[in-house]
Amino acid sequence: MSAPEKIEDHGLLRFLTCGSVDDGKSTLIGRLLFDTKTILADTLSAIERTSQKRGMEAVDLSLLTDGLQAEREQGITIDVAYRYFSTGTRKYIIADAPGHEQYTRNMVTAASTANLAIILVDARKGVLTQTRRHSYLAHLVNIPHLLVAVNKMDLVNYDQAVFEKIKADYLAFAAQLGIEDVRFIPLSALNGDMVVDRGEALSWYKGPTLLEILEAAPGAHSEQAEAFRFPVQFVCRPQDSANPELHDYRGFMGRVESGELAVGEAVTVLPSGRETRVKDIQIGGQSIPAAVSEQSVTLLLEDEIDISRGDMIVRSAAQPQVVKQIDTTVCWLAETPLDRARTYLIRHTTREVKAKVASIDYRVDVNTLEQQATDKLQMNDIARVSFKLAQPLFIDPYSQNRATGAFIVIDESTNNTIGAGMIG
Amino acid sequence: MTTLTKQTLSHLDWLEAEAIHIMREVAGQCANPVLLFSGGKDSICMLRIAEKAFRPGRFPFPLMHIDTGHNYQEVVEFRDKRAAELGERLIVRSVEDSMKRGTVVLKHEGESRNKHQSVTLLEAIEEFGFDCCIGGARRDEEKARAKERIMSFRDEFGQWDPKNQRPELWNLYNARAHKGENIRAFPISNWTEMDVWQYIEREGLELPSIYFAHTRPVVMRQGAIVPVNVPLVSGELTNLPKAGEEIIDLQVRFRTVGDISCTAPVESDADTVEKIVLETATTTITERGATRLDDQTSEASMEQRKKEGYF
Ligand SMILES: Nc1nc2c(ncn2[C@@H]2O[C@H](COP(=O)(O)OP(=O)(O)O)[C@@H](O)[C@H]2O)c(=O)[nH]1
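This is a predicted model, so every value here is computed, not measured. Throughout, residues of each chain are indexed from 1 in the direction in which the sequence is written. As a convention, the first chain written is A and the first ligand written is 1, with the rest following in written order. In keeping with the predicted nature of the model, local features appear solely for residues at pLDDT of at least 70, side-chain atom pairs appear and are counted solely at 80 or more, and the whole-chain, interface and lining totals rest on all residues. To get the side-chain values, take all heavy atoms of the structure and skip hydrogens and water.

A.B. asks: How should the overall build of chain A be read in this particular structure?
C.D. replies: Counting secondary structure elements, chain A contains eight helices and 22 strands. Burial status follows relative accessibility: with a 1.4 Å probe on protein chains alone, a residue under 20% of its type maximum counts as buried, one over 50% as exposed, and anything between as partly exposed. Sorting the 424 residues of chain A into buried and exposed places 59% on the buried side. Here a residue-residue contact requires only that any non-hydrogen atoms of the pair lie within 4.5 Å. A separation of at least 24 residues holds for 69% of the contacts in chain A among residues at least 6 apart in sequence. If you sum the accessible surface of chain A, you get close to 16,800 Å²; carbon and sulfur atoms cover 46% of it. Helix and strand labels come from DSSP, where a helix needs a run of H or I of at least four residues and a strand needs a run of E of at least two; each type is numbered from the N terminus. All accessible-area figures derive from a Shrake-Rupley calculation using a 1.4 Å probe, and residue coverage is judged against the displayed protein chains alone.

Structure, rendered in C-alpha cells:
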C-alpha cells in the first residue's frame, strides 16, 4: 500500500470515559459494546454465570469491562483498560480510567491519546466536584471534544428540566475553565436510551444519539493546519546489502507527528540547522508522493547530512523553538515524590535529555483549582514546574501541538516513567 | 463539533502506522531485540509491518520461534519458508530441549506444552541476551490483556507484575531496562481479530493452509472439536483418539494456531481470506473461547501464565 486509502469509513476515533464510581461508566461501555454487537456469545455467557454467582438477576453489563483477577476479587478497578468496537464505518478505541485515589494519574494517562472525552454525570446528583475535576483534567490534556452524558435519566422520570439544569450548571463553570467545545446528551445506560438506539423515553431530546456523535466526531487531534514535525526514530543504512544501488541509501525513519510533507519541499534538520530538500518519501522501500499526519514513513534527503535518532526534520518555513529551559505543567505519576536535588531524564519525541528542576511555581488542587505554594510533588499532583535541560529540545507549546509539547520524566535508577508534562 | 475536514488515515493505515512506529521505537531504544515469529496469523502481520518499517534495510532483529515440538507441520513449514523468503535469521528453540535439560517437566505425557513455552523463552532470552521480545499479542484477545502496556516490563525472572507497569502517555514509549530485565513490546496491541483478517486481505498475505477450510479427522470432546491423528513434523501421529470416541471427517479451519494439544478448529467452509473476513464479521464466539482449550479452565488463566513469564 502506498498513499493512504481513500476511505468511505471515518477511520479511527480514540475516546475516554470518565465518571465517579457508580455513575454508570462500566454499564455505558458495556451498552456500547452490546448494542454494536461487539460482545460475543461466550463472553456473554461468562458474564451471565458471574452475574448469577453474585446474585444478580439481569445480566450486569458492567462486568464486561472488569479487568484483572486481583481487581475482580477486590471488586474495584484500577489503571487504564482499553476496549475496542467497530461500527463498520469506524473503529473505536475506548480508554477506560476508573476512579479512586490514583485517579488523576490514570485519567491523564488515558486522556493523553484521546480525541474525545465522555464525562458522565448522574442525573440525580448533578454537577459534582468530581465532574469539575474530570473536566479540568480533560481540558488540561487538551482533549478537543468534550461530551457531558447525563446518565440514569430513568431515575429522574426522564425529566427534561433536570437535564437543562445540569447543562446550565456545567456551562457556568466550563466558561471559567475556558472549555469551548462541549456537548450534552441525556441517557440511560441501563435501558439503552440514546446510547445506540434512541428509545422512546427521551422524545423531547432532538439531538443525535451518543453513537451518532461519536461517528461524526473528527478523528484528527486538531482541525487546524499544524506544522510539519518529524522526529527521527531510526536511520536505515543498508550498505551491507548485495545491491550496489543501496550503497548510498540513507533513510530517516519516523512518524509524521503533525502536518504533511511532499517530495521536493525544503526542510531543516535540527539541531544542526542544515537545510536540504526532500528527495523521496517511502514506506517499506516504495515511493509515495506525500506523507500526512500520523503516517510512519522513511525520508530521503537531497544532501548528505549527518542525522541520528533524536534529531528532528521540520519544514524550513515553520520551525519549532529550540530551548534549554521549559516551563511546564506536570502530573506526577510515581509513588516516590519528586526530588528537587536529583537529575532526571526527559523523553520528548525521540529525544532524551538530562533535566533538573529549576522551580516549582505552585501545585493545583484539582478539586478547587486553587493554586498552592509547594516544593514537593506527590503522586497525582498537578503542578507548574520549570526544568533546566542539559541539551536543547525542539518544542511547540502543547496547546498548539500535542506531539512536540508533551514529554515524560524517567527515573534513571529504576527506569520508571514517573512524570508526564506539557510545555507552555 | 465540526465535521471531518482533515485528511485522516483509514483505520488499517492508522493501525499499521502505529505498529511501525512501535517497532522502530524498539529498534531505536533497545540494544538486542528479537521478534517472536510462530508462523501464526498475528506474527505474519508483524513480519509485513517489519518490512514496511525497515526495508530496504534488513530487520534490526532476528526472528525467534519457541517450538513446543507439537506444532502443526503446515505451520512449521510455513515458518521456515517465510523466514527464508525474507532472508532474515530465524532462531528456533524447543520446549523438548528444555525437557531434556530437565527445566521443563510435564505432569503427564499429554499435558499441553503451551504454558511451558515460558521456560524455554526465558532460557533463550538468557542465552542470546535479548533485552526486548516483540510479540503479536492483542489487547482484545483476553480480559487480562486489556490493561497490558505496549511496552510491558518483565523483571529478572521474566515475571509480569500488573501492579508494577509503567504508565504510557501519548506515543512516548519507555523501553529502558537494566541488564537481565526484559521488555515485551506489542506493536499490534490495538488490533482486533477483525483488523488482522482485514489487513491480511488488504496486503494479500500468505498463510499456512490450516487457516482455511479443509477436511480432517476430529472427535467431539466436551463440546469442543478436537483434531485427532495429527502428524507431527517427524511423521509420528499425535492426539490419538480415546477409546470409544467416534472419529468424524469434518470441514474445519483454525482461528489460531498453536500447540496441537490445545488449539481447536471451528467448523467452517471459508476457504478464502474474503470468506474468513465475512465469517469473522458475523461470528458469535470469541477467538479464544472457540479455539483455546487451555483457556477455558479459568477465566483468569492467562493472567496466571503471564505472571509466570508467558508472552
Ligand atoms: N437506573 C439506572 N441505573 C444505572 C444506569 N447506569 C448504570 N446504572 C447502575 O448504577 C450502578 C453503577 O454502575 P456501573 O456501571 O458499575 O458504574 P461505574 O462505577 O461508573 O462503572 C449499577 O448498579 C448500574 O446498574 C442507568 O442509566 N439507570
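Following the structure, the description resumes.
A.B. asks: How should I be thinking about the state of the cysteines in this particular structure?
C.D. replies: Among covalent bonds in proteins, the disulfide is the one between the sulfur atoms of two cysteines. What counts as a disulfide here is a pair of cysteine sulfur atoms lying within 2.5 Å. Tallied over the entire structure, the rule returns zero disulfides over all chains. Just so you know, A:Cys236 is unpaired, no disulfide at all, and the nearest cysteine sulfur is the one on B:Cys30, 18 Å from it. Looking at A:Cys331, it has no disulfide partner, and the nearest cysteine sulfur is the one in A:Cys18, 14 Å off.

A.B. asks: Sorry, what's going on with empty space enclosed by the protein here?
C.D. replies: Over the atoms, a rolled probe matching the size of one water molecule traces out where space is still vacant. As defined here, a cavity is a set of points on a 1 Å grid over the protein atoms alone where a 1.4 Å probe fits but cannot get out. A pocket is an open set with protein on both sides within 12 Å along at least five of seven lines, and residues line them when an atom is within 4 Å of a point. Grid points are joined across faces, edges and corners, and a volume is the space filled by probe spheres set on the points. Applying the stated criterion to the full structure yields five cavities of 30 Å³ or more. Reported here for the largest cavity is a volume of approximately 800 Å³. Lining the largest cavity are 46 residues, with A:Ser112, A:Thr113, A:Glu294, A:Arg402 and B:Trp14 positioned closest to its centre. For the lining of the largest cavity, the secondary-structure elements that each account for two or more residues are β1 (12-18), α4 (103-111) and α8 (402-405) of chain A together with α1 (11-29) of chain B. Across the lining of the largest cavity, the residue classes break down as 13 nonpolar, 18 polar and 15 charged. We call Asp, Glu, Lys and Arg charged. Ala, Val, Leu, Ile, Met, Phe, Trp, Tyr, Cys and Pro are nonpolar, and the rest, Gly among them, are polar.

A.B. asks: Explain the sheet that holds strand β1 (residues 33-36) of chain B to me, please; I cannot follow it from the model alone.
C.D. replies: Pairing between the strands of a sheet comes from backbone hydrogen bonds, and it takes one of two forms, parallel or antiparallel. Residue and element names in this part refer to chain B. Two strands are said to pair when DSSP picks up at least two bridges between them. Read from one edge to the other, the open sheet built from six strands follows the order β3-β2-β1-β4-β6-β5, with strand pairing classed as mixed. Looking at which strands have only one partner, the edges of the open sheet turn out to be β3 (90-94) and β5 (151-154). The sheet shows a mean angle of 30° between the axes of neighbouring strands, direction not considered. As paired elements, strand β4 (residues 132-134) and strand β6 (residues 182-185) share three bridges and run parallel to each other. Residue Cys-133 lies in a different strand from β6, and its bridge partner there is Arg-184. Helix axes use the C-alpha atoms of the stretch in contact, all axes being lines fitted to C-alpha atoms, and the angles between their N-to-C directions lie in the range 0 to 180 degrees.

A.B. asks: Quick question: what am I supposed to make of α4(A) here?
C.D. replies: Within an α-helix, residues lying three or four positions from one another point in the same direction, as the helix has 3.6 residues per turn. Residue and element names in this part refer to chain A. Most of α4 is tucked away: nine of the nine residues are buried. Those residues of α4 that fall on the buried side of the exposure criterion are Tyr-103, Thr-104, Arg-105, Asn-106, Met-107, Val-108, Thr-109, Ala-110 and Ala-111. Considering only its buried residues, α4 is in contact with β1, β3 (91-96), α5 (129-140), β16 (321-332), β20 (382-395) and α8.

A.B. asks: What should I look at first to understand the sheet that holds strand β12 (residues 266-267) of chain B in this one?
C.D. replies: Residue and element names in this part refer to chain B. Within the open sheet, the four strands sit side by side as β8-β7-β11-β12. Their pairing is antiparallel. Both edges of this open sheet fall to β8 (224-227) and β12, since each of them pairs with a single strand only. Pairing of strand β7 (residues 214-221) with β8, which is carried by four bridges, proceeds in the antiparallel orientation. Bridge pairing links Val-219 to Val-226 in β8.

A.B. asks: Explain the nonpolar core here, please?
C.D. replies: Nonpolar side chains tend toward joint burial in soluble globular proteins. Residues grouped as a nonpolar core are buried Ala, Val, Leu, Ile, Met, Phe, Trp, Tyr and Cys residues, joined through side-chain atoms within 4.5 Å. Grouped together as the largest cluster of nonpolar side chains are 149 residues, with contacts concentrated most on A:Phe15, A:Leu16, A:Tyr170, A:Leu210 and B:Phe54. For this core, the element with the most residues is α1(B), which contributes ten residues. Every residue in contact with A:Tyr170, bar those within four places of it in the chain, is listed here: A:Ile119, A:Val127, A:Thr131, A:Ser135, A:Leu146, A:Val148, A:Ile179, A:Val182 and A:Phe184. A:Ile326, A:Tyr344, A:Leu377 and A:Ile395 belong to the second largest nonpolar core, which has 23 residues in total.

A.B. asks: For this particular structure, what's the right way to read unusual backbone geometry?
C.D. replies: A negative phi holds for most residues other than glycine; trans holds for most peptide bonds. Cis geometry marks the peptide bond from A:Leu270 to A:Pro271, where omega comes out at 10°. When you line up the elements, A:Pro271 lands in the loop between β10 (266-270) and β11 (274-283). The omega torsion across B:Arg55 and B:Pro56 is 10°, close enough to zero to call that bond cis. In this structure, B:Pro56 sits in the loop between α2 (41-54) and β2 (63-67). For B:Trp170, which is not glycine, the phi dihedral falls at a positive 50°. Within the secondary structure layout, B:Trp170 lies in the loop between β5 and β6. Judged by its relative accessible area of 8%, B:Trp170 is buried.

A.B. asks: How should I be thinking about helix α5 (residues 117-128) of chain B in this particular structure?
C.D. replies: All names here are of chain B. Taking 1.5 Å per residue, twelve residues should reach 16 Å; α5 reaches 16 Å between its end C-alpha atoms and fits that length. Three or more residues of α5 are buried, namely Gln-117, Ser-118, Thr-120, Leu-121, Ala-124 and Ile-125. On an axial view of α5, the arc spanned by its buried residues comes to 165°, and they lie on one face. Check the buried side of α5 and you find it contacts β1, β2, β3, α4 (95-101), β4 and β6. How far a helix is expected to stretch is found by multiplying one less than its residue total by 1.5 Å. In this context, the arc is that of the directions from the helix axis out to the C-beta atoms.

A.B. asks: It is not clear to me how the pairing of strand β8 (residues 251-255) of chain A should be interpreted in this structure. Could you clarify?
C.D. replies: One face of the sheet, then the other: side chains in a regular strand alternate in exactly this way. Residues and elements named next belong to chain A. Of all five residues in β8, five are buried, a share of seventy percent or more. With burial as the criterion, each face of β8 is covered, one bearing Gly-251, Met-253 and Arg-255 and the other bearing Phe-252 and Gly-254. Bridge count between strand β7 (residues 229-236) and β8: four bridges; the pairing is antiparallel. Note on β8: the bridge partner recorded for Val-232 is Gly-254. Note that β8 and strand β14 (residues 296-301) share four bridges and pair antiparallel. Along β14, the bridge assignment pairs Gly-254 with Val-297.

A.B. asks: Would you mind showing me how to read the pattern of salt bridges here?
C.D. replies: Between side chains of opposite charge, pairing is possible as soon as their charged atoms come close. Residue and element names in this part refer to chain B. The working definition used for a salt bridge is a side-chain nitrogen of Lys or Arg within 4 Å of a carboxyl oxygen of Asp or Glu. Applying the stated criterion across every chain yields a total of 43 salt bridges over all chains. We note a salt bridge from Arg-82 to Glu-51, for which the minimum N-O separation is 3.3 Å. Taken together, the positions of Arg-82 in helix α3 (residues 73-86) and Glu-51 in helix α2 put the pair 31 residues apart, joining distant regions of the chain. By relative accessible area, which is 15% here, Arg-82 ends up buried. Given the relative accessible area of 18%, Glu-51 is considered buried. One salt bridge connects Lys-81 with Glu-206, and the closest N-O pair in it is separated by 2.7 Å. Pair noted here: Lys-81 is in helix α3 and Glu-206 is in the loop between α6 (193-203) and β7, with a separation of 125 residues, a long-range link.

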